[in-house]
Amino acid sequence: MDEEYEYDIIFAGGGTAACVAAGRLSQRFPDFKILIIERGRDSLGDPTVEHPALFMAHLMPDSTTALFYRSKAADDVGGREVVIPAGGMLGGGSAINLSMYTRAQAFDYDSWETPGWTAQDMIPLCNQVETYHADPGLQELDPGTHGSSGPIHISDGGFRPESTQVVMDTIAIMGMKELEDINDFQSVGGFMKIPRYVSLNGKRSDAAHGYINPLRPTSKNLYLLLESTVTRILFDENSTPPRASGVEYRSTHNPKGSFHSARARHCVVLSSGALGSPQILERSGVGSKDLLKRLGIPIISDLLGVGENYQDHHLVTSSYKTTLCPEETLDSLATGHKNVGEAIATKDPQLGSNTIDIAGKIRPNDEEARSLGPTFYDRWQKDWVPRPNKPMILMNFINAFVGNPADVDPNTQHLTIGCISLYPYSRGSIHIANTTGDYDLETGFLEDPVDVKKQVWGYKRAREIARRLPFSAGEVEATHPRYPIGSSAAIVSSADAEDEIIYSAEDDGAIDTWIRQTVGTTWHSLGTCAMKPLQDRGVVNERLDVYGTRGLKVADLSIAPGNIGGNVGNTAFAIGEKAALILADELDCL
């Protein structure tokens, strides 16, 4: 192993939280050397990062900007192996995701039951992240709810099609309300014209561009080591407890190449995501002693929680044909009818869109909850009725077809509605299978049947809205359940009547089967290095220290002990801000 350089703090991973924390610390402590080691390449100057509308490029099978984790096949998802994408370049998920801006509910942070991580602590950090450019008519929002001087810009990106208002009008006619601000940490039960992580000039606003790139021309203490994969944490085992002294890494492009090391004077911060961080811990000797012994890995700290408590938000989508013109959707970019190069050259405003112009945080009423069966209703009464600000489904209106292009007419414009289950009961896990990089991932998706019932309710609500839209032209059959022949719920290929659909027991069975066969990820992996008490299978404490070690912290979404009522990107930014405060407090004492 080649011995390399020494730094004060090493970030093992260059995702969202790492970029936030490293950027803040670099500015505050110019005499401390900070290193980010990122397995992926740079995001600077990449047009697929810069232009939000090109996010699909990161999901292609040949993508080099995303990591694709494949789960074990499971009966609960129709015998499928579910693929979970994660950020694979500098900036992590914020560089390649859909740039969707929805935040947690206040009680989410309180439910973590961790000193220093309550809503009162976290909301100011969420605000510190952003410069919020409100849409016209929303300027009177509570100034304590949004930030006005942060490095991350929130706006509509300069493009919002006219059909957005048509959808909002239809929702209103159906008796559902328009929310003034879905991101005030409280609101639920309605929809909003949603802003996004896009600047006013239509460019993606991500962690690397907001926190790291502005420092590059002048910083003398911030170092980036890209396309290098951290394999394990190094420890000084003569220290009690063992102290993290550095990291081992090698070239991402040569997984059998030479190992190198970098030393850390103060600490190592593991920030490789909910699917990456637990694997690095286990290869380093931090995890369940039974697993480590079986693989012949010397035990540094016996922690049963490493790799457990895996959570995501379950996603089900259904698509609809429309009479909209190509300027109203992003189908033309997806199908190639609109040349990407020409769009960039002409500064096409559609490039600033992430296709999602409306989102809603919704939940059933008591009658609807009761109709979903006694098991569901028991959970409803226990977990939702006492929390009126707890949404069940995050519903997104996507101005494009999401799915296999062979399933649709390339000359037709589409609307896709995504239903995201925000608080799944199901849990999964990820653990290393050996010391050479293989792993075992079990998503646990839909393991709890109540999670299926939530999606049944969400799908039916989405379908009722879609059928009432003035521009509706029918349903894309390949993206809906296979209903029994003669069913009154059958798929229609053209605009349908506005009568409410009546579903039989057989129809509900078809929906159940379809959900299991199609449910997927939202890229919202979290929980695998949970911030909990040690006796509750916690991995880190409130200062992000890994139990049983010194000089080792984890700062990414893996530390979230419970799920949140929105897209997790905002929480990842806030975790980075919190990590920076914790580390700054320690560096001030040196």
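Notes on the structure in this doc start here. Because the structure is a prediction, the values reported are computed rather than measured.

## A few points about the state of the cysteines
Alright, step 1. The full count for this structure, using the stated rule, is zero disulfides.
Alright, step 2. We note that Cys-267 lacks a disulfide partner, and the nearest cysteine sulfur, in Cys-589, lies 13 Å from it.

## Thoughts on the packing of aromatic side chains
Alright, step 1. Under the criterion given, the structure shown has 15 aromatic pairs.
Alright, step 2. Here the aromatic rings of Phe-107 and Tyr-423 are separated by 6.2 Å at their centres, their planes lie at 25 degrees, and the arrangement is stacked. Within this pair, whereas Phe-107 is found in helix H4 (residues 106-111), its partner Tyr-423 is found in the loop between strand E18 (413-421) and strand E19 (429-432), the two being separated by 316 residues in sequence.
Alright, step 3. Relative accessible area serves as the criterion here: at 21%, Phe-107 is assigned to the partly exposed category.

## Describing the pattern of salt bridges
Alright, step 1. Scanning the entire structure with this criterion turns up 29 salt bridges.
Alright, step 2. As a salt-bridge pair, Arg-216 and Asp-42 come within 3.0 Å of each other at their nearest N and O atoms. Of the two residues, Arg-216 sits in the loop between helix H7 (207-212) and strand E9 (222-226) while Asp-42 sits in the loop between strand E2 (34-38) and helix H2 (47-50), which places them 174 residues apart along the sequence.
Alright, step 3. Exposure remark for Arg-216: the relative accessible area of 27% places this residue in the partly exposed category.
Alright, step 4. The class of Asp-42 is partly exposed, set by a relative accessible area of 23%.
Alright, step 5. Its salt-bridge partner being Glu-130, residue Arg-103 comes within 3.8 Å of it at the nearest N-O pair. Placement of Arg-103 in the loop between helix H3 (93-96) and H4 and of Glu-130 in strand E5 (residues 130-132) is noted, with a sequence separation of 27 residues between them. Here the two residues Arg-103 and Glu-130 agree in accessibility, since each one is buried.
Alright, step 6. Because the salt bridges share partners, they merge into one network encompassing Arg-543, Asp-545, Lys-553, Asp-585 and Glu-586.

## A closer look at the nonpolar core
Alright, step 1. One finds Phe-11, Leu-25, Trp-117, Phe-191, Val-247, Met-395 and Phe-397 to be the most contacted residues of the largest nonpolar core, which totals 151 residues.
Alright, step 2. For this core, the leading source of residues is helix H16 (residues 569-588), giving ten residues.
Alright, step 3. Judged by nonpolar contacts, the second largest core, of seven residues, contains Ala-53, Leu-330, Ala-343 and Leu-351.

## Notes on empty space enclosed by the protein
Vacant regions in the atomic arrangement are exposed by a probe of water-molecule size rolled over the atoms.
Alright, step 1. Counting across every chain of the model gives one cavity of 30 Å³ or more.
Alright, step 2. Its boundaries defined by the atoms lining it, the largest cavity holds a volume of some 40 Å³.
Alright, step 3. Secondary-structure elements contributing two or more residues to the lining of the largest cavity are helix H6 (163-173) and strand E16 (356-362).
Alright, step 4. Here the lining of the largest cavity is built from residues that sort into four nonpolar, two polar and one charged.

Cut-offs and rules
Residues numbered from 1 in each chain as written. Predicted model: local features only at pLDDT ≥ 70, side-chain atom pairs only at ≥ 80, totals over all residues. Heavy atoms only, no water. Disulfide = S-S within 2.5 Å. Phe/Tyr/Trp six-rings, centres within 6.5 Å; stacked < 30°, edge-to-face > 60°. Helix = DSSP H or I, 4+ residues; strand = E, 2+ residues; numbered from the N terminus. Buried < 20%, exposed > 50% of the residue type's maximum accessible area, 1.4 Å probe, protein only. Salt bridge = Lys/Arg side-chain N within 4 Å of Asp/Glu carboxyl O. Core = buried A, V, L, I, M, F, W, Y, C linked by side-chain atoms within 4.5 Å. 1 Å grid on protein atoms, 1.4 Å probe; cavity = no way out; pocket = protein on both sides within 12 Å on 5 of 7 lines; lining within 4 Å. Points joined across faces, edges and corners; volume = space filled by probe spheres on them. Nonpolar A, V, L, I, M, F, W, Y, C, P; charged D, E, K, R; others polar.

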